[in-house]
Protein chains: 2
Amino acid sequence: MKRSTLKDIAKLTGLSISGVSRALKDHPDIAPETKEKVREVANALNYHPNPNAQHLQSKQSKTIAVILPEVNTFFFPELLQGISNVVEQHGYFLIFLQSDNRFSREKELIEYCIQMFVDGVLISVSAETTNLEHLLKLQEMGAAVVQIDRVLSNGTIPFLTINDSAASMKATAYLIDKGHKKMVGIFDDARLSMTLLRIEGFERALQLHQIAIEEDSILIVQDGEDVEFKLSKLLDENTSITAVFTMSDKLLVRAYHAINQLGLKIPDDIALISISDGKAPQYLFPGITHVRHSGEVVGIAAATLLFKILSGEKIPGQLHEVETTLVELDSV
Amino acid sequence: MKRSTLKDIAKLTGLSISGVSRALKDHPDIAPETKEKVREVANALNYHPNPNAQHLQSKQSKTIAVILPEVNTFFFPELLQGISNVVEQHGYFLIFLQSDNRFSREKELIEYCIQMFVDGVLISVSAETTNLEHLLKLQEMGAAVVQIDRVLSNGTIPFLTINDSAASMKATAYLIDKGHKKMVGIFDDARLSMTLLRIEGFERALQLHQIAIEEDSILIVQDGEDVEFKLSKLLDENTSITAVFTMSDKLLVRAYHAINQLGLKIPDDIALISISDGKAPQYLFPGITHVRHSGEVVGIAAATLLFKILSGEKIPGQLHEVETTLVELDSV
DNA sequence: AACCTTTGCTCAAACGTTTGATGTTGAAAA
DNA sequence: TTTTCAACATCAAACGTTTGAGCAAAGGTT
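Before going into details, it helps to say that this report is about the structure given with it. The residue numbers shown here count from 1 along each chain, following its written sequence. Written order decides the labels, with chains lettered from A and ligands numbered from 1. Only residues with pLDDT of at least 70 are given local features in this predicted model, and only at 80 or more are side-chain atom pairs given and counted; all residues enter the totals for whole chains, interfaces and linings. The side-chain figures draw on all heavy atoms in the structure; neither hydrogens nor water molecules are used.

**So, helix 1 (residues 6-13) of chain B**
Residues and elements named next belong to chain B. Every buried residue belonging to helix 1 is among I9, A10 and T13, and all of these are buried. The buried side chains of helix 1 occupy one side of the element, clustering within an arc of 105° when seen end-on. In helix 1, the exposed positions angled more than 90 degrees off the buried face are occupied by K7, K11 and L12. Any pair of residues with heavy atoms lying within 4.5 Å of one another is described as a contacting pair. Numbering of helices and strands starts at the N terminus; helices are DSSP runs of H or I of at least 4 residues and strands are runs of E of at least 2. Tucked into the core, helix 1 has its buried residues touching helix 2 (17-24) and helix 3 (32-44). Phi turns positive one or two residues past the end of helix 1, at G14, with a value near 80°. A 1.4 Å probe rolled over the protein chains alone gives each residue an accessible area, and that area as a share of the maximum for its type sets the label: buried under 20%, exposed over 50%, partly exposed in between. What the arc describes is the spread of directions from the helix axis to the C-beta atoms.

Below, the structure written as structure tokens:
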């Protein structure tokens, strides 16, 4: 089946191409009956306007790109879902790109976006990214840019995350509140500002409640394997520890494993709490109490912010925060 | 920064627009030094061809769409990852759409794809979808279409899944092999052919080993909550059951919960096995033995199949299968 | 010297749409 | 009867690129 164009409709209706165009756009210059006829023919021909031609005219692509380090993680699928909804709601297209956590790839993708004339980009930077020049270039080319979740600040690109430090504090304070005196916090890749903020929140909660921060209060791990090894060792040696805090889902499941492996019971022998998107905590048994960091909410907020920028609103290149909530399940 | 066009380069170099176009495309008609100069100027102006203009010419969009019921599930993120890689490798764009498991939305999205001139569509149909006319229309418009994971057959649209019945059999046979005589299989939404096939595999394994299929051998549930309720009841009443098989990750985590809730120990009191993408089994403790259904592998295979179609290869509208492997962890 | 080839480029049309300017009616107002 | 003005429609240019056809000049062959 060949695709029909305005020309085809024009031929069949005896109108001119521009007449048809206006009729389909409900332009007041066109007589109602004419419009009706045009619409009928258009329908019969299964007409769809060619978006390339339209965008060529209007100089925009009606496209938003999302760049994530990987989708195969706890938080990102939800994030993508939230973004996708808002974007479709605005009648835009979503193109989805993965940087595989590599800076070089991230730069390529940005070039790609520039070529594609994307109107906006939502990006969670790779772990390797340390400067934002590529994003600035994108901005200069007229695209709206918003950073999400993992962010770097340079004062000109708005970014949106949860209040990491507050989330961390909330979780830690809850443990203390429940009577725990000696606990360990497990943290991820220290290259990310997210990690530093979450460590800060953890420490601040301890200080606030006059609990000494010892050498083994904070465990920084490189990859998942590390958690099991280091935590097992720590819990074995230091039996006074009664609670574990993990900064992410990835670490949570590892800690869960380690604890079970040692034959410890949650929450009787040891309490476990995490910052989480809320999925893993439900899967595990017992349900893990967590500070909920909803990917969907962040996605919606980020996309909404982006469309504000697109509509011409001036948005400062600063932090825009999303709320977190404590979800009490059965692990503390 | 304004975006530069061929015209701008033409003005600066004194060449004609077509000359510039050919120079940038390394056309033999253009003198080497001229090409060099054009490239320099293009670089200086930060020139990128306008893809809308290009696609308007070439009548294609270099775009593949993926339509999934939801991404927020175990299998789909991995699937998306696999697809995304192949698509980018071919220099195509990926647009990502969600049907929210609604047939009406799915039809809208297909219309959308038609409008967008997408070259190909990878789709996992919604639970509500019972006919494929919308996909046929898409095919007629010249797009390549491949179904993934959840599929419906009509003989003209190729589809790609694991061999569901074989996977189910593999898991069940493993249980039997390990000495289990009385087991229950838990299955999902019976509207999907996937479910029927997996039930069939389960039953076939039992028959093959002369194990009677009783009324309570098969548990069909509507949603997650159901699993916990029904399974608890069943295990409570029927203590001769020594193993549970679940057809998906979603059911697996529910069953895991129910079993733990009852105070039963895996694998000592009861064995648990599942068809799974391999993530949840690692999170849980002990690790759950499963038949691995890799989203990434399926994604790669599906996208590869799609590009074969795009390159003109004739692909029958039938099943194309992907291998599954049994991963032995500690739950049986 | 007349002819052919090659080299290196330009012209112009085409892709499908949008839109400001312009043209043609017919009917109402002067 | 002439003017005026809606109402409805057409014309033509423009968006940025690609591409077949055409053309001038330089060099090579008889």
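Still to come is the rest of the account.
**Overview of empty space enclosed by the protein**
Over the atoms rolls a probe the size of a water molecule, and its path tells where empty space is left. Here a cavity is any set of points on a 1 Å grid over the protein atoms alone where a 1.4 Å probe fits but cannot get out, and a pocket is any open set with protein on both sides within 12 Å along at least 5 of 7 lines; a residue lines the site when it has an atom within 4 Å of a point. Grid points are joined across faces, edges and corners, and a volume is the space filled by probe spheres set on the points. Scanning all chains against the criterion turns up 2 cavities of 30 Å³ or more. The computed volume of the largest cavity comes to approximately 190 Å³. For the largest cavity, the lining is made up of 13 residues, of which T73 and F74 of chain A together with T73, F74 and P77 of chain B are closest to its centre. Residue type decides the class: Asp, Glu, Lys and Arg count as charged, Ala, Val, Leu, Ile, Met, Phe, Trp, Tyr, Cys and Pro as nonpolar, and the leftover types, Gly among them, as polar. Taken together, the residues that form the lining of the largest cavity break down as 6 nonpolar, 4 polar and 3 charged. Looking at the second largest cavity, its volume works out to about 160 Å³. N52, T63 and M116 of chain A together with N52 and M116 of chain B are the residues nearest the centre of the second largest cavity, which is lined by 15 residues in total. At the level of secondary structure, the elements contributing two or more residues to the lining of the second largest cavity comprise helix 4 (51-58) and strand 2 (93-98) of chain A together with helix 4 (51-58) of chain B. Here the residues of the lining of the second largest cavity sort into 7 nonpolar, 8 polar and no charged.

**Quick word on the relation of the copies chain B and chain A**
Least squares is the method used to superpose the copies, on C-alpha atoms of residues holding a pLDDT of at least 70 in both. Of the transformation superimposing chain B on chain A, the axial component is 0.0 Å and the angular component is 180°, with the fit at an RMSD of 0.2 Å. What the rotation and shift describe, once combined, is the action of a two-fold rotation axis.

**Details of the interface of chain B and chain A**
Reports often express the size of an interface as the amount of accessible area lost when the parts come together. Counting residues at the interface gives 54 residues for chain B, matched by 55 residues for chain A. Buried surface at the junction of chain B and chain A, summed over both partners, amounts to about 5,500 Å²; 57% is from carbon and sulfur atoms. Two parts placed together each lose some accessible area under a 1.4 Å probe, and adding up what both lose gives the buried area. Its largest share of buried area at the contact with chain A, chain B owes to R3, Y283 and F285 of chain B, together 13% of the area lost on that side. A side-chain nitrogen of Lys or Arg and a carboxyl oxygen of Asp or Glu constitute a salt bridge if their distance falls within 4 Å. For the pair chain B and chain A, the number of links is 2 salt bridges. In this structure, the salt-bridge partner of E88 of chain B is R105 of chain A, at a minimum N-O distance of 1.8 Å.

**Let's talk about the packing of aromatic side chains**
All names here are of chain A. Paired rings are identified among Phe, Tyr and Trp, the last through its six-membered ring, by centres lying within 6.5 Å, and are further divided according to the angle between planes into stacked (under 30 degrees), edge-to-face (over 60) and tilted (the rest). Enumeration according to the criterion identifies 14 aromatic pairs over all chains in this entry. A ring pair is formed by F187 and F202, whose centres lie 5.6 Å apart and whose planes are at 65°; its orientation type is edge-to-face. You can see F187 sitting in strand 6 (residues 183-187) and its partner F202 sitting in helix 9 (residues 193-208), a full 15 residues away along the chain. The class of F202 is buried, set by a relative accessible area of 0%. Among the aromatic residues, those joined into a ring-pair cluster are F187, F202 and F245.

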